[in-house]
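# Coordinate analysis (summary)
Chain by chain, the residues:
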2 protein chains.
Amino acid sequence: MDRIQLQNSFEAYFNELGYDIDWQRLTVPMEVHVIQKGDYLFQQGDAANRLYFLHSGLMRYVSVSDEGKEFTQTFAKSPRIIGSTKAMVTETRVLFGIQALENCMVSSYPWQAFYAQMRHDMGFLECYARFLERIFIIKEERENAFVKHSAERRYLDFCAAYPELKNTLPQQQIASYIGITPVALSRIRQKLKLSQG
Amino acid sequence: MDRIQLQNSFEAYFNELGYDIDWQRLTVPMEVHVIQKGDYLFQQGDAANRLYFLHSGLMRYVSVSDEGKEFTQTFAKSPRIIGSTKAMVTETRVLFGIQALENCMVSSYPWQAFYAQMRHDMGFLECYARFLERIFIIKEERENAFVKHSAERRYLDFCAAYPELKNTLPQQQIASYIGITPVALSRIRQKLKLSQG
DNA sequence: TTAGGCAATTAACCTAGGTTAATTCTTTCT
DNA sequence: AGAAAGAATTAACCTAGGTTAATTGCCTAA
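Below is a short write-up of the structure. These figures come from a predicted structure and were not determined experimentally.

A few words now on the protein's contact with DNA strand C. Near DNA strand C, the surroundings consist of 16 residues, among which Gln-171 and Gln-190 of chain A together with Lys-69, Ala-184 and Arg-187 of chain B are the closest. If you look at DNA strand C and keep only atoms within 4 Å of the protein, 69% of those are sugar or phosphate atoms. Here Gln-172 of chain A contributes a side-chain N or O atom positioned 3.3 Å from a sugar or linking oxygen of DNA strand C. One of the backbone N or O atoms of Ala-151 of chain B is found 3.1 Å from a phosphate oxygen in DNA strand C. The set of elements that each furnish at least two residues to the surface near DNA strand C consists of α7 (171-178) and α8 (182-195) of chain A together with α8 (182-195) of chain B. A per-element tally of the surface near DNA strand C places α8 of chain A first, with five residues. Grouping the constituent residues of the surface near DNA strand C by class yields six nonpolar, six polar and four charged.

Counting across every chain of the model gives 22 salt bridges over all chains. We note a salt bridge from Arg-130 of chain A to Glu-126 of chain A, for which the minimum N-O separation is 3.7 Å. Taken as a pair, Arg-130 of chain A and Glu-126 of chain A lie in helix α4 (residues 122-148) at a separation of four residues, close to a single helical turn. Judged by its relative accessible area of 18%, Arg-130 of chain A is buried. Owing to a relative accessible area of 4%, Glu-126 of chain A belongs among the buried residues under this scheme. Its salt-bridge partner being Glu-141 of chain A, residue Lys-86 of chain B comes within 2.9 Å of it at the nearest N-O pair. Residue Lys-86 of chain B is located in helix α2 (residues 85-90), and its partner Glu-141 of chain A is located in helix α4; the two belong to separate chains. Each of Arg-119 of chain A together with Glu-126, Arg-130 and Glu-133 of chain B takes part in salt bridges that share partners, so that together they form one network.

This paragraph deals with the relation of the copies chain A and chain B. Of the two same-sequence chains, chain A is brought onto chain B (RMSD 0.0 Å, axial shift 0.0 Å) by a rotation of 180°. Put plainly, the chains are arranged around a two-fold axis. An overlap of 97% is found between the interface residues of chain A and their copies at the interface of chain B, pointing to a shared contact surface.

Right, let's talk about the protein's contact with DNA strand D for a bit. The immediate surroundings of DNA strand D are formed by 16 residues, with Lys-69, Ala-184 and Arg-187 of chain A together with Gln-171 and Gln-190 of chain B found nearest. A share of 67% is what sugar and phosphate atoms reach among the atoms of DNA strand D within 4 Å of the protein. Contacts to DNA strand D include Ala-151 of chain A, whose backbone N or O atom sits 3.1 Å from a phosphate oxygen. Arg-189 of chain B places a polar side-chain atom, nitrogen or oxygen, 3.4 Å from a phosphate oxygen of DNA strand D. At the level of secondary structure, the elements contributing two or more residues to the surface near DNA strand D comprise α8 of chain A together with α7 (171-178) and α8 of chain B. Ranked by the residues each element gives to the surface near DNA strand D, the list is headed by α8 of chain B, at five residues.

On to helix α1 (residues 3-15) of chain A. In a regular helix each residue adds 1.5 Å, so 13 residues correspond to 18 Å; α1 of chain A covers 18 Å between its end C-alpha atoms and thus fits that length. If you follow the buried residues of α1 of chain A, they end up packed against β1 (31-35), β3 (50-56), β6 (80-82), β8 (104-110), α3 (111-118) and α4 of chain A.

Counting from both sides, the interface comprises 39 residues of chain A and, opposite them, 38 residues of chain B. The tally of links between chain A and chain B comes to eight salt bridges. Across the pair Lys-139 of chain B and Glu-143 of chain A runs a salt bridge, and its minimum N-O distance is 3.2 Å. Secondary-structure elements contributing two or more residues to the side of chain A that touches chain B are β4 (58-64), β5 (70-77), α2 (85-90) and α4 of chain A. When residues of the side of chain A that touches chain B are assigned to their parent elements, the largest contribution, 20 residues, is made by α4 of chain A. The residue makeup of the side of chain A that touches chain B, split by class, is 17 nonpolar, nine polar and 13 charged.

Let us now look at the side chain of Asn-144 of chain A. Of note, Asn-144 of chain A is situated in helix α4. Leave out the neighbours within four places in its chain, and Asn-144 of chain A touches His-149 of chain A together with Ser-63, Gln-73 and Leu-95 of chain B.

Glancing now at the nonpolar core. By size, the foremost hydrophobic cluster in this structure holds 56 residues, and its most contacted members are Phe-114, Phe-124 and Tyr-128 of chain A together with Phe-114 and Phe-124 of chain B. Excluding residues that lie within four positions of it along the chain, Phe-124 of chain A makes contacts with Phe-14, Ile-21, Trp-111, Phe-114, Tyr-115, Met-118 and Arg-119 of chain A. Counting residues in hydrophobic clusters, the runner-up holds 19 residues, among them Tyr-162, Leu-169, Ala-184 and Leu-185 of chain A.

Applying the stated criterion across every chain yields a total of 54 aromatic pairs over all chains. Arranged with centres 5.2 Å apart and planes meeting at 40°, the rings of Trp-111 of chain A and Tyr-128 of chain A form a pair that is tilted. Here the residue Trp-111 of chain A occupies a position in helix α3, and Tyr-128 of chain A occupies one in helix α4, the gap between them amounting to 17 residues. Tyr-128 of chain A matches Trp-111 of chain A in its accessibility class, with the two residues each being buried. Residues Phe-14 of chain B and Phe-124 of chain B carry aromatic rings whose centres are separated by 6.0 Å and whose planes lie at 35° to one another, so their mutual orientation is tilted. Highlighted residues: Phe-14 of chain B in helix α1 (residues 3-15) and Phe-124 of chain B in helix α4 (residues 122-148), separated in sequence by 110 residues. Accessibility assignment for this pair places Phe-14 of chain B and Phe-124 of chain B in one class, buried. It is Arg-142 of chain B that lies over the ring of Tyr-177 of chain B; its NZ or CZ is 3.9 Å from the centre.

Reading the values: the criteria
Residues numbered from 1 in each chain as written. Chains lettered and ligands numbered in written order. Predicted model: local features only at pLDDT ≥ 70, side-chain atom pairs only at ≥ 80, totals over all residues. Heavy atoms only, no water. Near = heavy atom within 4 Å. Polar contact = N/O pair within 3.5 Å; in protein donor to acceptor, adjacent residues only side chain to side chain. Helix = DSSP H or I, 4+ residues; strand = E, 2+ residues; numbered from the N terminus. Nonpolar A, V, L, I, M, F, W, Y, C, P; charged D, E, K, R; others polar. Salt bridge = Lys/Arg side-chain N within 4 Å of Asp/Glu carboxyl O. Buried < 20%, exposed > 50% of the residue type's maximum accessible area, 1.4 Å probe, protein only. Least-squares fit on C-alpha atoms with pLDDT ≥ 70 in both. Contact = heavy atoms within 4.5 Å. Expected span 1.5 Å × (residues − 1). Core = buried A, V, L, I, M, F, W, Y, C linked by side-chain atoms within 4.5 Å. Phe/Tyr/Trp six-rings, centres within 6.5 Å; stacked < 30°, edge-to-face > 60°. Lys NZ or Arg CZ within 6 Å of the ring centre and 35° of its normal.

Structural data, given as structure tokens:
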């Protein structure tokens, strides 16, 4: 995949929302990142004020607490935009790292420069709003699940939401997505196995 | 406060972000809601696809689980936009109710009609993006606090973030914001009192 | 083929926070 | 002022999930 193709599929991803975007405005140079399985696109605490696009592969957002506990905020499957909205917008350090769970191909633009050019495009602004609405809603639903449901229920919901990841992902990562330890997850799986024959 | 004044302060709130917005476009009629302390602007499960603006007073977003547990997602102090982005945008039922903690004055517009008119205004689109960025970042930070910090730490953070609410709000509500029971909060306060003389 | 290393399970024990209920302290209403 | 209702505290007990560690299974590399 060469740069032109990457650029095209990035644009196509936006265009699919149905707004008319004039991509000629965009002249800031794109960067390409090839991330090997297990490696990080960026680490918690970095200054990651870029807009990233995941062309191929699977990644996870992982934040680690002071005591060294890992928490998986999200799994991200290509194609989609990835990165930290907070770090992009407020120029602060990022609260989580993004790790490749498979070999990944990512492209990126520096957000400030990108936005400075594209903000004059109505279609882009609407796309961006749709994007923000979507990620907000997802966060809200996840918050809801966390405060209203037990770990067992969250595990079942995970299985329903990500049937393909359920069997391929190491259970440590599933546990850290649910917000419990691998030991606790194992216990829950054991219990579920018994209770349904 | 008459309708014109309400309209003006609504517009002023947006204008403060520094974008140029042509409010002449907006012709959908505004509604006014006066909510008494303790009452709800809308209840969990309602269809609340309106854009609300809190002119005066204090409210909280509260969602209740199947088992009847209350969880306070946010406290909202005027002036600010309130409501459910998810319910507005996706026309689904709202996941939480909004309750007045003081007597409140709220105005509102039906979101679809409002957006249909204002989406042609560049300044508005940018404002809306700033708004979405902000609420997303706040959610992200709260998620972070929940998964990384203990209840005790979350209480201390609450006290630092809302010094004025700390003493005026009933502790049940503080507890439900932190995600624990009033009994547990009382225990934590007791412990803190001892440990610092 | 086997040794080394990691992932998952299991068991024993621990702890933060939930539950219930009794007690005290505050409001508020008459 | 006194009664009634609600808010906060305290205590006793319970439970989900954390912690540590031993055991088993699986994969890979020599």
